Amino acid sequence: MAAPQEQQPHQPGNNYLRKDVLNELNDAELIKRYRLDREGILFVTNLVRAALKSDTNRSNPLTPELKVLITLRYLATGKMQQCSSDDLGPSQSSISRAISKTIDALADVNVLKRFITFPVTQDSADRKKAEFFAIANFPNIVGAIDGTHIRIVAPRDQEEVYVNRKGYHSMNVQVVFDANYRILDILAKWPGSVHDARILNSSGLSRLFDGGYVPAGSHLLGDSGYPSKTWLLTPYLRPLPGPQSRYNRSHKITRSIVERGIGQLKRRFHVLHGEVRLRPPLKVCKIIHVCGMLHNICKDRNLPLPLDDEQPMGAEAQVPVPLNDAAEEPANAPGGHRNEGRAYQDAFCTLHFSNED
């Protein structure tokens, strides 16, 4: 008589034990790990629930909540393996698929534009101006603009155009902040070798101002890497005593908003600190846009920055440009527009900074 075969242990397949972090962790722990509190995580999940819901219940599929948690953890750390170490349950391959699908869902233009909007009505522009004026008495500013480099893994195609002036591969990201460090506009599609001025001139933001869609008398504040325009005010490279020096002092203090804002964004989402490893660059662009949107959601919910001592690594422009730095005028700025911008800036400076404080 044949001996009975030994029964093989049951293979759990995808029926792994999943940690219910939404009910096991308090809001402080959730913010530390995922950058959002419980209500915020559920709020973000509901934005993309339909896109993340599985079509079948076979093989114990990941819930939309779990996919969002996995993605938030990746954005908070920049490391996919950290998602696994949180005992959330899924395999590394499942985590990778969940992140990719969730990023695609959150990067949908109809989702992004709910939380990242530029002031184009008179009331909204006036509010932004008042908030900026309260900082250092610089009038008529609706946003502060700058570029920042996000380090990436060298792409397979056209690798050389992603090498920036500091010698590493990056995306050059244009971002505009308001006085409360909320993102008004973010553009992440240009390789690191492209100059800030070219990015602005080719952007929808430039078309908004040039087309008269932004209320008259509204301006952006930028550093000396940008050309002077009738709607973009830059510092004097060699300011004369009097109005120009007062203009520059106020400009520098007000412009520091964008530098601090970029610092907050990168501190909140460590995926932007070092080297974003997802390919292709298109996916990196989506990650950057999603981080910008989530940053605004955190600001809307008044959620604190993570309580850690880490500082952004690889940040491009965290040190203010010296007031007398002899930077060159961007080469691609046409002479006529450059002169028009300078004349406008001189008139603006004389009008608003002639009287001493």
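Structure report, in brief.

1. Side note on the overall build of the protein chain
Working step 1: Scanning the protein chain for helices and strands turns up 13 helices and five strands.
Working step 2: Evaluated residue by residue, the protein chain yields a buried proportion of 51% over its 357 residues.
Working step 3: Counting contacts in the protein chain only where the partners sit at least 6 residues apart, residues at least 24 apart contribute 71% of the total.

2. Overview of the pairing of strand 1 (residues 141-151)
Working step 1: Most of strand 1 sits out of view: ten of its eleven residues are buried.
Working step 2: Strand direction decides the pairing type here: strand 1 and strand 4 (residues 219-221), joined by three bridges, are parallel. Looking at strand 4, one finds that I141 is bridged to H219.
Working step 3: By the bridge criterion, eight bridges tie strand 1 to strand 2 (residues 170-177) in an arrangement that is antiparallel. If you follow G147 over to strand 2, its bridge partner there is Q174.

3. Side note on the pairing of strand 3 (residues 183-191)
The side chains of a regular strand alternate between the sheet's two faces.
Working step 1: Counting buried residues in strand 3 gives seven out of nine residues, a clear majority hidden from the surface.
Working step 2: Here strand 2 runs beside strand 3; their pairing, made up of six bridges, is antiparallel. Counted as the bridge partner of N172 is W190 from strand 3.
Working step 3: Here strand 2 hands over to strand 3 after five residues, with Y181 in that stretch at a positive phi of 65 degrees.

4. A short note on the environment of H195
Working step 1: Looking at the secondary structure, you find H195 in the loop between strand 3 and helix 9 (196-201).
Working step 2: The class of H195 is partly exposed, set by a relative accessible area of 40%.
Working step 3: Taking C-alpha positions, H195 is 8.1 Å from N172, a pair spaced 23 residues apart along the chain.
Working step 4: Looking at H195, its side chain comes within polar contact range of the main-chain nitrogen of A197, at 2.9 Å.

5. Considering the packing of helix 2 (residues 27-34) against helix 4 (residues 64-77)
Working step 1: The geometry of helix 2 relative to helix 4 is characterised by a closest axis approach of 7 Å and an angle of 65 degrees between their N-to-C directions. Facing K32, R33 and Y34 of helix 2, the residues of helix 4 in contact are L69, L72, R73 and A76.
Working step 2: Each residue belonging to the contact of helix 2 with helix 4 can be placed in one class, and the counts come to four nonpolar, no polar and three charged.

6. Section: the packing of aromatic side chains
Working step 1: As enumerated under the stated definition, the model contains eight aromatic pairs in all.
Working step 2: On the numbers, 5.2 Å between centres and 55 degrees between planes, the contact of F138 with F353 is tilted. Here F138, found in the loop between helix 8 (122-136) and strand 1, pairs with F353, found in helix 13 (residues 335-353); they are 215 residues apart in sequence, far enough to count as distant. Summarising the burial analysis for this pair, F138 and F353 share the class buried.
Working step 3: Aromatic pair Y247 and F353: ring centres 5.5 Å apart, planes at 80 degrees, arrangement edge-to-face. Residue Y247 is found in helix 11 (residues 243-268), and its partner F353 is found in helix 13; the two are separated by 106 residues along the sequence.
Working step 4: Residue F353 is classed as buried on the basis of its relative accessible area, which comes to 6%.
Working step 5: The residue whose ring lies beneath R151 is Y168, and the NZ or CZ to ring-centre distance is 4.0 Å.

7. A few points about the environment of R277
Working step 1: Counting through the fold element by element, R277 comes out in the loop between helix 11 and helix 12 (281-300).
Working step 2: Expressed as a C-alpha distance, the spacing of R277 and G78, which sit 199 residues apart in the sequence, is 8.5 Å.
Working step 3: Residues contacting R277, with those up to four places away along its chain left out, are Y74 and V153.

8. Remarks on the nonpolar core
Working step 1: One finds Y34, I41, L75, V271, I288, M293 and L294 to be the most contacted residues of the largest nonpolar core, which totals 75 residues.
Working step 2: Looking at this core, the element that brings in the most residues is helix 12, giving ten residues.
Working step 3: When sequence neighbours within four positions are dropped, the list of residues in contact with I41 reads L22, L30, Y34, L36, V68, L69 and L72.
Working step 4: Judged by nonpolar contacts, the second largest core, of 14 residues, contains V176, L200, F209 and L220.

What counts as what
- Residues numbered from 1 in each chain as written.
- Predicted model: local features only at pLDDT ≥ 70, side-chain atom pairs only at ≥ 80, totals over all residues.
- Heavy atoms only, no water.
- Helix = DSSP H or I, 4+ residues; strand = E, 2+ residues; numbered from the N terminus.
- Buried < 20%, exposed > 50% of the residue type's maximum accessible area, 1.4 Å probe, protein only.
- Contact = heavy atoms within 4.5 Å.
- Pairing = 2+ DSSP bridges.
- Polar contact = N/O pair within 3.5 Å; in protein donor to acceptor, adjacent residues only side chain to side chain.
- Axes fitted to C-alpha atoms, helices over the stretch in contact; angles between N-to-C directions.
- Nonpolar A, V, L, I, M, F, W, Y, C, P; charged D, E, K, R; others polar.
- Phe/Tyr/Trp six-rings, centres within 6.5 Å; stacked < 30°, edge-to-face > 60°.
- Lys NZ or Arg CZ within 6 Å of the ring centre and 35° of its normal.
- Core = buried A, V, L, I, M, F, W, Y, C linked by side-chain atoms within 4.5 Å.

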